[in-house]
Amino acid sequence: MVDTDYLIHTLNNGIRIIHQKTDSPVGHLGILINTGSRDEKEDEHGLAHFIEHSVFKGTKKRKSFHVLSRIEGVGGELNAYTTKEETVLFATFLSEHYERTAELLNDILFNSTYPERELNREKEVVVEEINSYNDTPSELIFDEFEEQVFDGHPIARNILGTKEKLRSFNRDKIFNFIANNYHTDQMVISSVGNISFTALVKMLEKYFGGVEQRLRQLGRERFLDYRPQSKTIIKDTFQSHCVMGM
């Protein structure tokens, strides 16, 4: 443990815990995984984001409805997001439900079953997200920009992926990506709430201490080939958008 404004502890399997104690009746607990769209292979483009969408679709002991209602049924919120470099599962809840939340986050991260039927439904949700995004030039331009800056590198690709790649995803691809990228030494459990650090560590040891240790062996591919360039796209809209950078 380190004595700072934030209290820090590392479990034996490499999962790190960071906590800030508050007097608020509302608690926040999240799991941050150092894996995002930049870690995808070319045939996995969009898979990190799709897993984040599908992780709530059922576990070995819960159906999708029971996953969502476990926190929302007591007035809390369960959510997730994906960036190019991380995947995050998080919840906001009354502090009395800390243990309920910790158990659920463990269940959906390590025991999700990704039923094919639910995956097919979720693909249509992501397709609509892609359509919506493509209709928003003010956001789309930032992906166009990064595709130019990081040309030829995985981090250049947008997070959502493509409709074609999306429809090729199945349970095997999901479990393979998780096995290759979800390593315990690349996970951080972040907590803000009215709970003592001793009690928090004991609780998280109970739910996460027994997770099999998996350490990342390979580093990420570095980007080393920047070169100045420009691109202009003509669209039939009433606005213009411009990004400059390096």
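Here, the structure is the one placed above.
Once a new chain begins, its residue numbering starts again from 1 and follows that chain's sequence as written. Under the rules for a predicted model, residues below a pLDDT of 70 receive no local features and side-chain atom pairs below 80 are neither given nor counted, while totals for whole chains, interfaces and linings still include all residues. Excluded from the side-chain calculation are hydrogens and water; included are all heavy atoms of the structure.

A.B. asks: Quick rundown of the pattern of salt bridges? Include the residues and the values.
C.D. replies: Between Lys or Arg on one side and Asp or Glu on the other, a salt bridge is scored when a side-chain nitrogen of the former is within 4 Å of a carboxyl oxygen of the latter. The final tally for this structure, using the stated rule, is 14 salt bridges. Note that Lys 57 is salt-bridged to Glu 122, the shortest N-O span being 3.0 Å. With Lys 57 in the loop between α1 (47-54) and α2 (64-72) and Glu 122 in helix α4 (residues 116-134), this pair connects stretches of sequence that are 65 residues apart. We classify Glu 122 as buried; its relative accessible area is 8%. Asp 225 is paired through a salt bridge with Arg 227; the nearest N and O atoms lie 3.1 Å apart. Put simply, DSSP H or I for four residues or longer makes a helix, DSSP E for two residues or longer makes a strand, and each gets a number counted from the N terminus. For every residue, the accessible area obtained with a 1.4 Å probe (protein chains only) is divided by the maximum for its type, and the residue is called buried under 20%, exposed over 50%, and partly exposed between those limits.

A.B. asks: Go over the nonpolar core, please, and point to the residues and values.
C.D. replies: Side chains that are nonpolar tend, in soluble globular proteins, to be buried together. We call a set of buried residues a nonpolar core when its members are Ala, Val, Leu, Ile, Met, Phe, Trp, Tyr or Cys and they connect through side-chain atoms within 4.5 Å of each other. Ranked by size, the top nonpolar core spans 49 residues in total, and within it Leu 78, Ile 108 and Phe 208 carry the most contacts. In what follows, residue pairs with any heavy atoms lying within 4.5 Å of each other are defined as contacts. Dropping the residues within four chain positions of it, Leu 78 is found in contact with Phe 56, Val 67, Leu 68, Ile 71, Phe 90, Ala 91, Leu 104, Leu 105 and Ile 108.

A.B. asks: Would you mind going over the packing of aromatic side chains in detail, with residue names and values included?
C.D. replies: Within 6.5 Å between ring centres, the rings of Phe, Tyr and Trp (the latter by its six-membered ring) count as paired, and their orientation is classed by plane angle as stacked under 30 degrees, edge-to-face over 60, tilted in between. One pass over the full model with this rule turns up seven aromatic pairs. With a centroid separation of 6.2 Å and 70° between ring planes, the pair formed by Phe 110 and Phe 208 is classed as edge-to-face. Of this pair, Phe 110 sits in helix α3 (residues 98-110) while Phe 208 sits in helix α8 (residues 197-208), and the two are 98 residues apart along the sequence. Assessed through its relative accessible area of 2%, Phe 208 is described here as buried. Between Phe 177 and Tyr 182, the ring centres sit 6.5 Å apart and the planes meet at 75°, which makes this aromatic pair edge-to-face. Tyr 182 carries the same exposure label as Phe 177, and that label is buried.

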